[in-house]
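Coordinate analysis (summary)
Below are the chains, spelled out letter by letter.
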Amino acid sequence: MPDSQPQPPSPSNPSGSSGQPDPAALLLCGARLTDGRTVDVRLGGGRIEAVGTTGSLTAGPARKGAARVDLGGYLLLAAPAEAHAHSDTALSAEQPGPVSYAPEDVQRRATEAALLQLGHGATALRAHVRVGDVQGLGSLGAVLQARRSLRGLAELTTVAMPRLLTGVAGADGLAMLRDALKMGASVVGGCPDLDPDPTGYVEAVLEVASEHGCPVDLHTDAADPARLSRFAAMAGGLRPGVTIGPCAGLARLNTEAASRLADQLAAAGVTVVCLPQGGCGGADRRGTAPVRLLRAAGVRVAAGSGALRDASNPVGRGDPLEAAYLLSSAHGLRPEDAYDAVSASARAVLGLPEVRVEAGFPAELLAVRGDHLSGALSLAYSRIVVHRGRVVARTSAVREYCSSAAAAELGLPRQGRKELS
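Note that the coordinates shown come from a computational prediction; the quantities given were computed from them, not determined experimentally.

Topic: the packing of helix H3 (residues 167-183) against helix H4 (residues 198-212)
- Packing of H3 against H4 brings their axes to within 11 Å, and their N-to-C directions diverge by 30°. Viewed along their axes, H3 and H4 adopt a mutual orientation that is roughly parallel. Judged by the twist between their axes, the crossing of H3 over H4 is right-handed. On H4, the residues touching Leu 174, Leu 177, Arg 178 and Leu 181 of H3 are Ala 204, Glu 207, Val 208, Glu 211 and His 212.
- Counted by class, the contact of H3 with H4 contains five nonpolar, one polar and three charged residues.

This is the structure:
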């Protein structure tokens, strides 16, 4: 039998297909949305093509035979993004001796870490990578290679972090920073608090970012009000944008001083990325920024994971839903606002387009077992991750109980219950 030949496009067959299943078509069936509706969602070409009532999107010749995923019992959300990762040191806590910065080791760790976070739901990541000193540009090159290997699974962008940018030693760091941008880093970063001249460091970063049209993402504890005030004045109006974090020091200031600084950050358009799951190597002290105070002032607040099982946090999980859970349970945000910090606001930090479960938006989605967002943040074990319109990761959790008369009397769910010996 001869192979089927491609058919020319026509009004009834705009894709020019021969009636074979569209490999880019995916139908998500029976998903629950946060507004309580149960819907089918059709994906194609990396975007959401249609959202309709259950059963309403199964017909149509252009999508005949499209792959189907049953999302009955799942809550469908915009996928989270990881706004603050350290890919060059991730998963190094259990390695004996000093951390290896051999390119092959860094690439392996960065790839494994990105896949772990993808399994949690993060389809986009921003990785802070040290440049200069012992690493030179080797770690950056390795993370960029990991980015290429992850293409089609997750989007990974890199922040170049030089140690010093002022004084005699800073000249080398400045040259290294410019080389890092030429090499493929897309964001200018670093830790001004660790430079002998923090203000000079910030000036250098902003100048390089302006030259290259790059965003800025700096580590700071934000414990020095005068320094942070100067930073806000310097950063105001810079496009494509300025991000700082984790800013835990703001929480240690009195409310009046912190509110004044929050107003200045809001006026300057500076975003704050907090790290509710723990610290990272670029910040000396742990803690979480005063997220409610910042949001009340109009500051965009996103949340990241920070260290992922490295020396700064050997038990870091890199789970954006855990970050949202902590923002809600420990810091008083509504579940909807907490999830926004790891999804919409985190995507905005990365310069990515908005995602909604509506036609026309990017098909970057996370389905979690549950009926409501609060329950999903509490017990989000089973997850299905969609990137560019296709399922790229799936985690299934099964909890089993032994049979008991009490369970039968109470009418508890039978799913997952069996005899255990």
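A closer look at the layout of surface pockets
- Volume-wise, the second largest pocket comes out at about 430 Å³.
- If you go around the second largest pocket, you meet 19 residues; those closest to its centre are Thr 34, Ala 78, Val 355, Arg 356 and Val 357.
- Looking at the lining of the second largest pocket, the elements that each hand over two or more residues are strand S5 (74-78), helix H9 (335-342) and helix H10 (344-349).
- Split by residue class, the lining of the second largest pocket holds nine nonpolar, two polar and eight charged.

Comments concerning the nonpolar core
- Core analysis: the largest hydrophobic core is formed by 76 residues, its most contacted members being Phe 231, Ile 244, Leu 265 and Leu 294.
- If you tally residues by element for this core, the top one is H4, at seven residues.
- Sequence-distant contacts of Phe 231, that is, excluding residues within four places in its chain, are made with Val 202, Leu 218, Val 242, Ile 244 and Val 270.
- Judged by nonpolar contacts, the second largest core, of 21 residues, contains Val 41, Tyr 74, Leu 76 and Val 355.

A word on the pairing of strand S2 (residues 38-44)
- S2 sits mainly inside the fold: five of its seven residues count as buried.
- Sheet topology places strand S1 (residues 26-32) next to S2; five bridges connect them, and they run antiparallel. For Leu 27, the partnering residue across the bridge sits in S2 and is Arg 42.
- Between S1 and the antiparallel strand that follows it, S2, lie five residues; Gly 36 among them carries a positive phi value of about 95°.
- Two elements, S2 and strand S3 (residues 47-53), share six bridges in a ladder whose sense is antiparallel. Within S3, the position partnered with Val 41 by the bridge is Val 51.

As for the environment of Ala 302
- Mapped onto the fold, Ala 302 is located in strand S13 (residues 301-303).
- In contact with Ala 302, other than residues within four places in its own chain, are Val 272, Val 273, Cys 274, Ala 341, Ser 345, Ala 346 and Val 349.

Describing the confidence of the model for the protein chain
- When pLDDT is averaged along the protein chain, the result is 89, and 88% of the positions lie at 70 or above.
- Note on residues 1-22: pLDDT is under 50 here. Beyond four places in sequence and across chains, it has 15 contacts.
- Considering only residues more than four positions removed or in separate chains, one finds that residues 416-421, a stretch of pLDDT under 50, has 16 contacts.

What counts and what doesn't
Residues numbered from 1 in each chain as written. Predicted model: local features only at pLDDT ≥ 70, side-chain atom pairs only at ≥ 80, totals over all residues. Heavy atoms only, no water. Axes fitted to C-alpha atoms, helices over the stretch in contact; angles between N-to-C directions. Helix = DSSP H or I, 4+ residues; strand = E, 2+ residues; numbered from the N terminus. Parallel < 35°, antiparallel > 145°, perpendicular 65-115°, else oblique. Left-handed = near helix turned anticlockwise from the far one by under 90°. Contact = heavy atoms within 4.5 Å. Nonpolar A, V, L, I, M, F, W, Y, C, P; charged D, E, K, R; others polar. 1 Å grid on protein atoms, 1.4 Å probe; cavity = no way out; pocket = protein on both sides within 12 Å on 5 of 7 lines; lining within 4 Å. Points joined across faces, edges and corners; volume = space filled by probe spheres on them. Core = buried A, V, L, I, M, F, W, Y, C linked by side-chain atoms within 4.5 Å. Buried < 20%, exposed > 50% of the residue type's maximum accessible area, 1.4 Å probe, protein only. Pairing = 2+ DSSP bridges. pLDDT = per-residue confidence, 0-100.

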